[in-house]
Amino acid sequence: MRRNHPSLLWATGSVLLVLMAVWAMPRFNLFTEGSGELLVLHLIIELFSVFVALLVVVMAWNVFTDENRSTSRTLIFGFSVVAGLDLMHAVSYPGMPDLLTPSSTPKAIFFWFLARAFDLLTFWLLALGVRLPGQRWHALAVAVGVLAVVFAWGTWCLDWFPTTYVPGEGATTLNGQIDLLLLAGYWAAAWVFVRSTHSLRNRYLAWACFLMGLAQLLLNGFADTGDVLLFFGHVLKIAAFALIFKGTFWLGLRAPYNLLQQSEQQLRSKQTELDTLLSRIPAGLARIDVAGRYVYVNQRLAQRLGQPVEHIVGRPFGEVIRPERNATVGQHLSLALSGQPTGYEGQTYLVNGEPNHATVWMAPEHDSAGQVVGVIAVVLDVTEQRRLQQDLAHSMHEIAELKAALDAHAIVAITNAQGIITSVNDKFCEISQYRRDEVLGQSHRIINSGHHSEAFFRDLWQTISSGNVWTGEICNRAKNGSLYWVHTTIVPFVGKDGLAEQYIAIRADITKRKQAEQDAQRMALHDALTDLPNRRLMAERVSQAIAHAVRDKHVSALLLLDLDHFKEVNDTLGHAQGDELLRAVANRLRASVRQTDTVARLGGDEFVVLLTDIAPDMAAATAAASDWAEKMRAQLARPYELHGEPVIATPSVGVVLFGSATDDPEEMLKQADMALYKAKAGGRNQVCFFDPSLQAEVNSRTSLLRDLRAAVELDQLRLLYQPVVDRARRVLGVEALVRWQHPERGLVSPAAFIPLAEQSGIILQIGEWVLDTACAQLSAWADDPVRKAWTIAVNVCARQFNEATFVATVEAALARAGANPAHLRLEITESMLQSDLDSTITKMRQLNDRGVRFSLDDFGTGYSSLSYLKLLPLDQFKIDKSFVDDILNNRKDLAVAKTILGLASNLGLGVVAEGVESAAQYELLATYGCEAFQGYLFCKPVPVEALPRQSSI
């Protein structure tokens with residue numbers, strides 16, 4: 001109740017607050033007892049109660065719902081008595097005209113109490129659901145009788161009723177007790193109403209009982225009729241009767257109207273639903289009366305006619321439809337009005353001019369007597385269906401054309417679910433060379449070439465039988481035995497049960513393409529010059545040979561052959577003769593091996609021979625491979641005749657044996673290459689087998705290279721310095737010599753790692769580190785009084801010098817250190833002057849212009865052209881140690897040294913003699929004019945901190 005009617009809760013709260021305020025006020029008289037204002041106000045209040053009670057009786061007398069009819073007799077009886085008693089109470093109030101007997105307060109109280117007793121009785125009868133017997137007039141008659149008895153009692157026998165009021169003293173104790181009894185009865189009835197049902201009427205009656213109980217509480221113990229509490233008690237009574245009116249008369253009167261409104265709403269809802277349904281039906285609907293006027297059209301037909309519904313209804317059809325349709329519509333409307341259903345289809349045009357196809361059905365509408373009263377017309381838009389039919393016809397035509405095109409260009413065969421051929425086109429017969437009657441009823445085994453495995457066809461059937469399309473390439477055999485390739489797409493047609501019912505195979509002849517692919521593949525896998533397998537195909541064959549050797553437990557051999565001095569043939573006879581020689585070598589190798597062996601050309605003059613399964617064990621295989629290799633060497637060493645000229649081209653052969661699952665083709669080629677170079681190093685024209693020691697050497701070199709790559713980053717390189725002195729043994733400068741201090745290998749010799757660094761390119765990184773370190777040392781010596789004039793010589797290899805950024809690298813090193821370029825000396829070798837001399841001179845001059853000096857190291861050991869020595873910006877030669885070592889005993893070494901000294905003198909260059917280890921060597925060189933010396937006689941290469949502090953050694 002609280003959830004549904006919060007307003008009543010607020011009202012109740014407000015009443016209680018007002019009641020508490022009134023109760024807390026001092027007692028006073030609002031009116032003078034017997035005054036005119038009091039009488040008028042009291043009469044109005046009571047007449048309101050009487051009026052409400054009578055309205056309840058009238059309502060109860062005229063109710064027609066089953067729910068209210070069951071309580072109507074109770075309401076008629078109870079509120080008839082209450083209305084009469086409240087009227088008697090009003091006219092008996094003191095100051096009112098006398099009615100048979102004088103009006104008085106006790107008389108008014110008597111009728112009040114009896115009125116409250118009867119309305120409390122009525123409340124309880126309603127709350128408990130008690131049904132009074134008899135008819136409505138019986139209840140009214142009993143009420144009149146009760147009123148007559150009570151009126152007689154209160155008029156002539158009032159003294160039979162206990163005293164409830166004493167003038168001048170107020171209400172008696174009995175009066176207060178009766179008030180409390182009424183209070184308890186009202187509130188108990190209110191509780192029963194609340195607990196019984198949740199009807200709106202009972203809720204109003206419960207609040208009415210609650211307010212009547214509060215009224216009795218205020219009336220308890222009043223002093224006289226003008227008491228303010230008495231006034232407020234009557235006000236609560238008005239409020240209670242207003243709720244009674246609301247809960248009985250107003251609700252009872254409103255219920256029929258609500259029912260009527262609900263019926264109308266339902267009817268309108270049904271009509272709306274029908275209109276919505278008819279408007280959403282994908283067809284135009286119309287009702288036409290016998291006069292040809294539209295009685296009803298739905299929205300879809302109105303849109304089709306291009307007019308609002310309200311403009312169509314009531315008008316003849318001839319005024320609505322297009323004029324050219326009048327005759328047709330009129331004819332079929334007449335048939336329908338005659339009782340005969342009819343229909344037609346035709347093309348018309350919509351309001352926007354768009355052509356439209358429609359099917360119209362007309363059926364007669366009959367009344368209850370069976371007479372035709374109109375026509376029901378249904379208009380279906382079939383424009384889309386007609387378009388689909390046209391599209392279908394067009395598609396069928398296209399399919400026919402596609403089939404004709406397919407038959408003209410594709411090979412088509414249709415089989416049933418078992419693979420039996422049921423249809424083929426002419427192209428199938430043309431390429432297979434079978435007549436149609438020869439293949440129908442057969443399977444595709446008739447053209448099986450045997451090229452594909454059983455697993456191939458098993459996978460094909462598994463794919464198409466599961467309802468999937470298979471696409472691939474198949475090699476077939478024609479009737480004459482020739483092979484042809486087709487690109488095939490097999491499409492299964494699946495039935496409703498999900499199983500394939502037939503298959504259609506569409507093929508395209510790709511025989512020429514496959515031939516081209518085979519030719520291209522042969523070109524990709526074979527050497528164009530000799531038609532031998534190339535490196536790629538050889539790698540595949542080697543992998544297969546390893547697998548076969550492991551499986552068959554046999555040993556095989558790989559031979560790598562290289563022609564000795566083949567470059568001379570190209571240089572002297574020309575490349576055409578060189579190619580002819582390579583083809584002759586290929587032919588001899590083919591003739592020297594078995595059908596199962598492989599001969600391949602790797603490139604240049606390198607050939608590989610793969611000998612498979614030559615022996616069951618390694619010892620026998622070594623002997624067999626040696627025989628094979630020697631036989632081939634002898635065959636290839638025989639003279640060749642190239643355009644009438646005899647040519648000798650001996651081979652060197654490297655052999656490696658294999659037969660283990662761990663063998664790797666690339667690794668085997670490397671091992672064969674090691675053996676080959678061992679054969680060349682041994683004098684060429686011989687056979688060498690791979691020895692694990694060769695592998696150990698390679699592994700050692702690989703390990704050393706790996707450590708060398710990290711040497712700079714791990715700060716393992718050291719720079720030692722060896723002084724260069726003059727005749728007076730004064731230090732002129734030092735040569736920077738790099739050393740590698742490895743944590744495990746110890747001090748690694750430059751002879752061991754410098755060639756490796758040059759081959760691998762690490763020399764660039766090392767060279768840059770040496771330059772940076774040397775320049776930093778020059779900068780550190782700038783403030784040293786002894787060493788500030790010293791130069792530092794740095795060796796530069798050809799790989800460094802040929803770098804395009806070499807000049808920038810040197811300049812950057814000088815700039816970073818802030819060193820004096822005039823104290824930096826770069827030592828180059830004669831080998832660096834053999835190629836791109838112009839670039840070499842340009843770089844030297846660029847650095848020389850900056851102040852950098854150049855020395856020609858190891859002079860006399862290489863090939864130096866005197867014509868270009870004068871072009872180089874050199875300022876110093878260095879006599880190689882190889883000439884100094886035996887200068888005391890070897891006249892030739894002395895002659896070379898004297899020549900170098902003379903040449904330098906003539907060119908105006910200085911000379912440094914390297915490797916001076918004895919005083920005799922020193923004195924002899926000085927005698928012939930040598931001005932600078934370097935060697936162990938003076939000082940070994942030492943760290944910078946071990947260099948002499950004095951200017952002389």
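Since the model is a prediction, treat every value here as computed from it, not as a measurement.

A. Representation of the sheet that holds strand S12 (residues 500-509) within the structure. With antiparallel pairing, the 5 strands of this open sheet are ordered in space as S9-S8-S12-S11-S10. Edge positions in the sheet fall to strand S9 (421-424) and strand S10 (470-477), since each of these pairs with one other strand and no more. The average undirected angle you get between the axes of adjacent strands in this sheet is 30°. Across the sheet, helix H16 (residues 454-465) touches S10, strand S11 (483-494) and S12, and the angle it forms with S10 is around 140°. Those strands touched by helix H17 (residues 511-525) are S10, S11 and S12, and its axis lies near 125° from that of S11.

B. How the structure looks around the side chain of arginine 825. Turning to its location among the elements, arginine 825 is positioned in strand S24 (residues 824-829). Take arginine 825: its relative accessible area is 8%, and that puts it in the buried class. For arginine 825, the side chain forms a polar contact with the side chain of serine 855, separated by 3.3 Å. Ignoring anything within four residues of it in the chain, the contact list for arginine 825 reads Thr791, Ile792, Ala793, Val794, Arg853, Phe854, Ser855, Asp875 and Gln876.

C. Geometry of the pattern of salt bridges. Going through the model one piece at a time under the given rule, you end up with 33 salt bridges. Residue arginine 825 pairs with aspartate 875 through a salt bridge whose shortest N-O separation is 2.7 Å. Placement of the pair is arginine 825 in strand S24 and aspartate 875 in the loop between helix H29 (866-869) and strand S26 (876-879), with a sequence separation of 50 residues.

D. Local environment of the packing of helix H5 (residues 105-128) against helix H6 (residues 136-156). As a packed pair, H5 and H6 sit with axes 10 Å apart at the nearest point and diverge in direction by 155°. As the angle between them shows, H5 and H6 are arranged roughly antiparallel. Seen along the crossing, H5 lies across H6 with a hand that is right-handed. Across the interface between the two elements, Lys107, Phe110, Phe111, Leu114 and Phe118 from H5 touch Val146, Val150, Phe151, Trp153, Gly154 and Thr155 from H6. Partitioning the contact of H5 with H6 into residue classes produces 8 nonpolar, 2 polar and 1 charged.

E. Local environment of the confidence of the model for the protein. Mean pLDDT for the protein: 83, with 87% of residues reaching 70 or above. Taken element by element, the predicted model of the protein shows its lowest mean pLDDT in helix H3 (residues 66-69) (54) and its highest in strand S28 (residues 932-933) (96).

F. A look at the side chain of serine 80. Here serine 80 lies in helix H4 (residues 72-91). Residue serine 80 is classed as buried on the basis of its relative accessible area, which comes to 11%. Beyond its immediate chain neighbours, meaning those up to four positions away, serine 80 contacts Val57, Leu75, Leu140, Ala143 and Leu147.

G. Here's a closer look at the environment of alanine 291. Tracing the chain through its elements places alanine 291 in the loop between strand S3 (284-289) and strand S4 (294-297). The class of alanine 291 is partly exposed, set by a relative accessible area of 45%. Spatially, the C-alpha atom of alanine 291 lies 7.6 Å from that of proline 316, the residues being 25 residues apart in sequence.

H. Quick look at the layout of surface pockets. Of the volumes computed, that of the largest pocket is approximately 980 Å³. For the largest pocket, the lining is made up of 35 residues, of which Glu735, Leu737, Pro750, Asn795 and Asp857 are closest to its centre. For the lining of the largest pocket, the secondary-structure elements that each account for two or more residues are strand S21 (731-742), helix H24 (750-760), helix H25 (762-780), strand S23 (791-795), S24, strand S25 (853-859) and helix H30 (881-884). In terms of residue class, the lining of the largest pocket is built from 16 nonpolar, 9 polar and 10 charged.

I. How the structure looks around the UniProt feature "transmembrane region" (unreviewed entry) in the protein. In this structure's numbering, the residues bearing the UniProt feature "transmembrane region" (unreviewed entry) are residues 40-63, 75-96, 108-130, 137-156, 205-223 and 229-253. This span, residues 108-130, is 91% helix and 0% strand, and a straight line between its end C-alpha atoms measures 30 Å. Summarising residues 137-156: 100% helix, 0% strand, and an end-to-end C-alpha distance of 28 Å.

J. The pairing of strand S15 (residues 606-615), seen in detail. Here S15 lies mainly inside the structure; 9 of its 10 residues are buried. Of the strand pairs in this sheet, strand S13 (residues 555-563) and S15 are connected by 7 bridges, and their pairing is antiparallel. Counted as the bridge partner of aspartate 562 is glutamate 606 from S15. Hairpin geometry of strand S14 (residues 598-603) and S15 is characterised by an intervening segment of 2 residues between the two adjacent antiparallel strands and by a positive phi of about 60° at glycine 604.

K. Highlighting the sheet that holds strand S19 (residues 687-689). Pairing is mixed in the open sheet, where 5 strands are placed in the order S14-S15-S13-S18-S19. The open sheet has two edge strands with one neighbour each: S14 and S19. In this sheet, neighbouring strand axes are inclined to one another by 25° on average, regardless of whether the strands run parallel or antiparallel. Seen against the sheet, helix H21 (residues 618-637) touches S13, S15, strand S18 (651-658) and S19 and runs at an angle of roughly 160° to S18.

L. Examining helix H20 (residues 575-592) more closely. The first and last C-alpha atoms of H20 sit 26 Å apart over 18 residues, in line with the 26 Å expected at 1.5 Å per residue. Among all positions in H20, only Gln577, Gly578, Leu581, Leu582, Val585, Ala586, Arg588, Leu589 and Ser592 are buried. Those residues of H20 that are buried are in contact with S13, helix H19 (566-573), S14, S15, H21 and strand S16 (640-642).

M. Expanded view of a nonpolar patch on the surface. The grouping of Trp61, Trp137, Leu140 and Val144 at the surface amounts to a nonpolar patch, some 390 Å² of accessible area in total. Take the nonpolar patch: its biggest share by element is 3 residues, from H6. Within the secondary structure layout, tryptophan 137 lies in helix H6. According to the relative accessible area criterion, tryptophan 137 is exposed, its value standing at 53%.

Criteria and cut-off values
- Residues numbered from 1 in each chain as written.
- Predicted model: local features only at pLDDT ≥ 70, side-chain atom pairs only at ≥ 80, totals over all residues.
- Heavy atoms only, no water.
- Pairing = 2+ DSSP bridges.
- Helix = DSSP H or I, 4+ residues; strand = E, 2+ residues; numbered from the N terminus.
- Axes fitted to C-alpha atoms, helices over the stretch in contact; angles between N-to-C directions.
- Contact = heavy atoms within 4.5 Å.
- Buried < 20%, exposed > 50% of the residue type's maximum accessible area, 1.4 Å probe, protein only.
- Polar contact = N/O pair within 3.5 Å; in protein donor to acceptor, adjacent residues only side chain to side chain.
- Salt bridge = Lys/Arg side-chain N within 4 Å of Asp/Glu carboxyl O.
- Parallel < 35°, antiparallel > 145°, perpendicular 65-115°, else oblique.
- Left-handed = near helix turned anticlockwise from the far one by under 90°.
- Nonpolar A, V, L, I, M, F, W, Y, C, P; charged D, E, K, R; others polar.
- pLDDT = per-residue confidence, 0-100.
- 1 Å grid on protein atoms, 1.4 Å probe; cavity = no way out; pocket = protein on both sides within 12 Å on 5 of 7 lines; lining within 4 Å.
- Points joined across faces, edges and corners; volume = space filled by probe spheres on them.
- UniProt positions renumbered as here; feature names shortened; annotations may be inferred.
- Expected span 1.5 Å × (residues − 1).
- Patch = residues over 30% accessible without salt bridge, like charges linked within 9 Å, V, L, I, M, F, W, Y side chains within 5 Å.
- Areas by Shrake-Rupley, 256 points an atom, 1.4 Å probe, with all protein chains shown as cover.

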